[in-house]
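Inside the fold
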Amino acid sequence: MASWQDFEDEAPELAALVRARFEANKHHVLATLRKDGSPRVSGTEVDFVGADAWLGSMHHAVKARDLQRDARFALHSHPGDETMAGGDSKLSGRAVEVTDEDEIAAFSAELPEPPPTPFHLFRLDLHQVVHTRVEGDHLLVDNWHPGRPVETTRLH
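Report follows, based on the coordinates. (Residues numbered from 1 in each chain as written. Predicted model: local features only at pLDDT ≥ 70, side-chain atom pairs only at ≥ 80, totals over all residues. Heavy atoms only, no water.)

Our next topic: the layout of surface pockets. The computed volume of the largest pocket comes to approximately 720 Å³. Lining of the largest pocket is provided by 28 residues; of these, Lys-26, Glu-45, Asp-47, Pro-115 and Pro-116 occupy positions nearest its centre. Every element with two or more residues in the lining of the largest pocket is listed here: helix H2 (12-23), strand E2 (39-44), strand E3 (46-49) and strand E4 (52-58). Counting residues per element, the lining of the largest pocket draws most heavily on E4, which supplies four residues. Residues of the lining of the largest pocket, tallied by class, amount to 13 nonpolar, eight polar and seven charged. (1 Å grid on protein atoms, 1.4 Å probe; cavity = no way out; pocket = protein on both sides within 12 Å on 5 of 7 lines; lining within 4 Å. Points joined across faces, edges and corners; volume = space filled by probe spheres on them. Helix = DSSP H or I, 4+ residues; strand = E, 2+ residues; numbered from the N terminus. Nonpolar A, V, L, I, M, F, W, Y, C, P; charged D, E, K, R; others polar.)

So, in structure tokens, the structure goes:
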């Protein structure tokens, strides 16, 4: 697993594209696993604070309970419109809940507006980042895993 900073250090150009995609819109789609192992999708926001990407959740929300039980997640950037302007980005890995009050306070202090309390806070440890974009008549898919170079697949 890797932090957002690790990703930026290993793939700075791709990290800039992905971050721009997540910052272009406020709401994104989070996939978690229910208790029975089936998928659940929920709306969510992502914040980039310090070296990490973060998810917050209302206190006792089902997505928070899902992540507490099984930290695996997939996060899809707001899909935008049919033009694919700016591309399409996805993060996956493990969402680690932060419960230390000082760390939560430091995170909240970095936001333009503090979240309503109480809330759950999850740091995203990344296992894979994918960015898909249209270039001319081709679909380009950039795929990153920690410690490996970015692989780009060109589809016609």
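Here we take up the packing of aromatic side chains. Applying the stated criterion to the full structure yields four aromatic pairs. Between Trp-4 and Phe-7 the ring centres are 5.0 Å apart and the planes differ by 75°, which places this aromatic pair in the edge-to-face class. Note that Trp-4 and Phe-7 are positioned in helix H1 (residues 4-10) at a spacing of three residues, about one turn of the helix. Residue Trp-4 shares its accessibility class with Phe-7, and that shared class is buried. Ring geometry for Trp-54 versus Phe-107: centroids 5.2 Å apart, planes at 50°, classification tilted. With Trp-54 in strand E4 and Phe-107 in helix H4 (residues 101-109), the pair connects residues that are 53 residues apart, well separated along the chain. We classify Trp-54 as buried; its relative accessible area is 5%. Since its relative accessible area comes to 5%, Phe-107 is described here as buried. (Phe/Tyr/Trp six-rings, centres within 6.5 Å; stacked < 30°, edge-to-face > 60°. Buried < 20%, exposed > 50% of the residue type's maximum accessible area, 1.4 Å probe, protein only.)

Looking now at the pattern of salt bridges. Note on pairing: side chains with opposite charge can pair once their charged atoms come close. Applying the stated criterion across every chain, the model contains 10 salt bridges. Of the charged contacts, one joins Arg-40 and Asp-66 as a salt bridge, the two residues approaching to 2.6 Å between their closest N and O atoms. Here Arg-40, found in strand E2, pairs with Asp-66, found in helix H3 (residues 62-69); they are 26 residues apart in sequence, far enough to count as distant. Among the residues examined, Arg-40 registers a relative accessible area of 18% and is labelled buried. Judged by relative accessible area, which is 1%, Asp-66 ranks as buried. (Salt bridge = Lys/Arg side-chain N within 4 Å of Asp/Glu carboxyl O.)

Okay, the nonpolar core next. Core analysis: the biggest nonpolar cluster contains 24 residues, and Trp-4, Phe-7, Phe-73, Leu-75, Leu-91, Leu-124 and Leu-126 have the highest contact counts within it. Sorting the residues of this core by element identifies H1, H2, E3, E4, H3, strand E5 (72-76), strand E6 (88-98) and strand E7 (119-135) as the ones contributing at least two each. When neighbours within four sequence positions are excluded, Leu-91 is seen to be in contact with Trp-4, Val-18, Phe-22, Phe-73, Ala-74, Leu-75, Leu-124, Leu-126, Gln-128 and Val-129. (Core = buried A, V, L, I, M, F, W, Y, C linked by side-chain atoms within 4.5 Å. Contact = heavy atoms within 4.5 Å.)

To continue, consider H4. Among the residues of H4, Ile-104, Phe-107 and Ser-108 are the ones counted as buried. Projected down its long axis, H4 shows its buried positions confined to an angular sector of 95°, all on one face. For H4, exposure combined with an orientation more than 90 degrees from the buried face picks out Asp-102 and Ala-109. Those residues of H4 hidden inside the fold are in contact with E3, E4, E6 and E7. Of the residues that open H4, the one with a side-chain oxygen 3.2 Å from the backbone nitrogen of Asp-102 is Asp-100. (Arc of directions from axis to C-beta. Polar contact = N/O pair within 3.5 Å; in protein donor to acceptor, adjacent residues only side chain to side chain.)

Along the chain, Asp-102 turns up in helix H4. For Asp-102, a relative accessible area of 62% translates into the label exposed.

Between its first and last C-alpha atoms H2 spans 16 Å; for 12 residues at 1.5 Å apiece the expected length is 16 Å, and the two agree. Within the span of H2, buried status applies to Leu-14, Ala-15, Val-18, Arg-21 and Phe-22. Buried positions in H2, seen along its axis, are confined to an arc of 125° and lie on one side of it. Among the exposed residues of H2, those oriented more than 90 degrees off its buried face are Pro-12 and Glu-13. (Expected span 1.5 Å × (residues − 1).)

Fair warning: the whole summary comes from geometry, so function is off the table for now.
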